[in-house]
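Take a look at the letters that make up each chain.
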Amino acid sequence: MNTRRDFIKYATMTGGAVAASSVSSNLMAALPEAVIQTEVTTMPPLEANSGQHYHPVVTPNGWTLPFRMRNNVKEFHLIAEPVVREMSPGFNANLWGYNGQSPGPTIEVVEGDRVRIFVTNNLPEHTSIHWHGQRLPNGMDGVSGLNQPAIPKGKTFVYEFVARRPGTFMYHPHGDEMVQMAMGMMGSWVTHPKRETDAIAHVDRDFCVLLNAFDIEPGAATPKIMTMTDFNLWAWNSRIFPGTDSFNVRTGDRVRVRFGNLTMTNHPVHLHGHEFLVTGTDGGPTPESARQYEVTADIAVGQMRQIEFIADEPGDWAFHCHKSHHTMNAMGHDLPTLIGVDHSRLTQQIGSVIPEYMVMGERGMADMAEMEMPLPDNTERMMTGDGPFGSIEMGGMLSVLKVRDDQPKGDFSDPGWYEHPPGTVAWEYTGELEEPSRFKSEVSSVELPSDGVEFNAKKPNKRKV
Ligand SMILES: [Cu+2]
């Protein structure tokens, strides 16, 4: 495993320096400036400097790549490179990404734009970029070996095509992709329609989220790239709860969230308090006659889904993957179930040898969230996150939709916790408790004779022969 110091030394040697040393000064003049972002805060929408009118997207804990116009072409510069990504406060991962971050910056263009993307490879191995979902000339599709030679380390390649189809797309390597995606290389791509239509309606808030997964052992910082399915960190835009920024909207806003899945499994994303429509996929806008209201949308591997809803219920609404292991942080999965097992004597005996020994799980796992258990450095707790009523006891693919009457239009900043109107929070009942009335058929409420009970059982639907 790389140590942090080695990693930084390495990143300094390859990052930044290569852009200056490996390309000639002539080409440098022709290259658009490579913008680097190392902050993990959500960047406000990037207003276009091209004179085009569209409503820019927001990438939670991410950012949008600026471009320059050159002879009517939108030029972008991506740098594939090792990065240090803060996945949650105090937990940093050694990933690979683009322009200082994993995921890379969101690329945002308009239907019909001619787009030129310079890709500089500052990784220790070759790479390429596939523009997932785009219609483009075959030689621009980015599968190394099939459509182009891989981009050798230290070299810059140019991709150029017209963004023909409006919609939600992504980009990711198609050279050594198992390793490069496990290390965090991916980014969102949004092509806005030339003009708004019923199929692609105006929204007030538009968010982009890439679902990604890592396997980083507690105390380590570099993902295990050979992991096939048993990942231990489930992330939105390479952030895990409580590091995920909330989705902050104004009451009555029409909200669109664009999800892309580049993990090794599907993610049923569930929104509390609202129903949404799936209005588009990576194949384009979904015909209105085929849309249905949902509260959970399954996003399969390699898929994109656009969901839309009117945020008309003020509050703090959980928004998460519904696989319960995906709203947890680093954990072992091979532990026996201990619910109901009495360990008291065992704990005493082991405690005389290992004083810090703790038993987990005999009353469920909720204690984990508040336990001050010693953890290796650079490790996020499995169940965590302080809410206004205590620990939220989750991690991973979880965020909060914050709907507020007074959230200013276009303001994406966090309004803090919801202030509930009086009498609208579940409360504790402190009166007398009646003995619960049970169904007569329920045997447990009947006193059984000590020598057993005789009964006749008939299988339901059993036909007489
Ligand atoms: Cu999931």
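Regarding its fold elements, the protein presents five helices and 23 strands. Considering only contacts in the protein between residues 6 or more positions apart, those separated by 24 or more positions represent 74%.

All right, on to the sheet that holds strand S23 (residues 398–404) then. Taken together, five strands build an open sheet; the order of strands is S12-S23-S20-S14-S18 and the sheet is mixed. Pairing within the sheet leaves two strands with one partner each, and these edge strands are strand S12 (247–250) and strand S18 (296–299). Sheet twist, expressed as the average angle between the axes of neighbouring strands with direction ignored, equals 20 degrees. One ladder, built from four bridges, connects S12 with S23; its direction is parallel. Considered in S23, the bridge of Asn248 is made with Lys402.

Once that is clear, we can look at the confidence of the model for the protein. Across the protein, the average pLDDT comes to 86, with 83% of residues at or above 70. Summarising per-element confidence for the protein, the mean pLDDT is lowest in helix H1 (residues 4–14) (34) and highest in strand S7 (residues 156–162) (98). Within the model, the stretch residues 1–25 combines pLDDT values under 50 with 24 contacts to residues more than four positions away or in other chains.

Let us now look at the nonpolar core. With 85 residues, the main nonpolar core has Val119, Met170, Val209, Leu211, Leu233, Ala235 and Leu401 as its most contacted residues. Mapping this core onto the domain boundaries places at least three of its residues in each of domain 1 (4–192) and domain 2 (205–325).

Judged from the three bridges that link them, strand S14 (residues 267–271) and strand S20 (residues 315–321) form a sheet pairing that is antiparallel. Considered in S20, the bridge of Val269 is made with Cys321. In this structure, S20 lies alongside S23, joined through six bridges in antiparallel fashion. For Ala318, the partnering residue across the bridge sits in S23 and is Val400.

To continue, consider unusual backbone geometry. Across the junction of Ser102 and Pro103, the peptide omega takes the value -5 degrees, indicating a cis bond. The topology assignment puts Pro103 in the loop between strand S3 (91–98) and strand S4 (107–110). A cis amide bond links Phe241 to the next residue, Pro242, at an omega of 10 degrees. Along the chain, the position of Pro242 falls in the loop between strand S11 (233–236) and S12. The phi dihedral of Asn72 falls on the positive side, at around 70 degrees, and the residue is not glycine. Secondary-structure assignment places Asn72 in the loop between strand S1 (68–70) and strand S2 (73–88). Phi is positive for Glu393, which is not a glycine, with a value near 60 degrees. Within the element layout of this structure, Glu393 appears in strand S22 (residues 390–394). Since 19 C-beta atoms lie within 10 Å of it, Glu393 is described here as partly exposed.

The next point concerns the sheet that holds strand S8 (residues 167–172). An order of S4-S9-S8-S6 is seen for the four strands of this open sheet, with the pairing classed as mixed. This sheet does not close on itself; its edge strands, each paired only once, are S4 and strand S6 (130–132). Neighbour to neighbour, the strand axes of the sheet diverge by 25 degrees on average, direction disregarded. Here S6 pairs with S8 via three bridges, running antiparallel. Bridging across to S8, His132 finds its partner in Met170.

The next point concerns the environment of Lys153. Its place among the elements puts Lys153 in the loop between S6 and S7. Lys153 sits in the partly exposed class, given 16 other C-beta atoms within 10 Å. Sequence-distant contacts of Lys153, defined by excluding residues within four places in its chain, comprise Asn121, Leu123, Pro124, Glu125 and His126.

All right, on to the environment of Asp215 then. The topology assignment puts Asp215 in the loop between strand S10 (205–214) and S11. Overall, the presence of 19 C-beta atoms within 10 Å leaves Asp215 in the partly exposed class. If we skip the residues at most four places from it in the chain, Asp215 touches Pro223, Lys224, Thr227, Phe231 and Asn232.

Quick look at the environment of Asn122 now. Inspection of the secondary structure assignment puts Asn122 in the loop between strand S5 (114–121) and S6. In sequence terms Asn122 and Ile79 are 43 residues apart; their C-alpha atoms lie 6.7 Å from each other.

About the thresholds
The numbering scheme is per chain: residues are counted from 1 as the chain's sequence reads. Only residues with pLDDT of at least 70 are given local features in this predicted model, and only at 80 or more are side-chain atom pairs given and counted; all residues enter the totals for whole chains, interfaces and linings. Secondary structure follows DSSP: runs of H or I at least 4 residues long count as helices, runs of E at least 2 residues long count as strands, and numbering of each begins at the N terminus. Think of it this way: build a C-beta for each residue from its backbone, and any pair within 7 Å is a contact. Two strands pair under a simple rule: DSSP has to find at least two bridges between them. Under this scheme, a helix contributes an axis fitted over its contacting stretch, all axes are lines through C-alpha atoms, and angles between N-to-C directions fall in the 0 to 180 degree range. Note: pLDDT gives the predictor's confidence per residue, expressed from 0 to 100. As used throughout, a nonpolar core is a set of buried Ala, Val, Leu, Ile, Met, Phe, Trp, Tyr and Cys residues joined through C-beta atoms within 7 Å of each other. For the exposure call, what matters is how many other C-beta atoms sit within 10 Å of a residue's own: 20 or more marks it buried, 12 or fewer exposed, and in between partly exposed, using C-beta atoms placed from the backbone. By convention here, the domain bounds are inherited from an automatic or database domain assignment.

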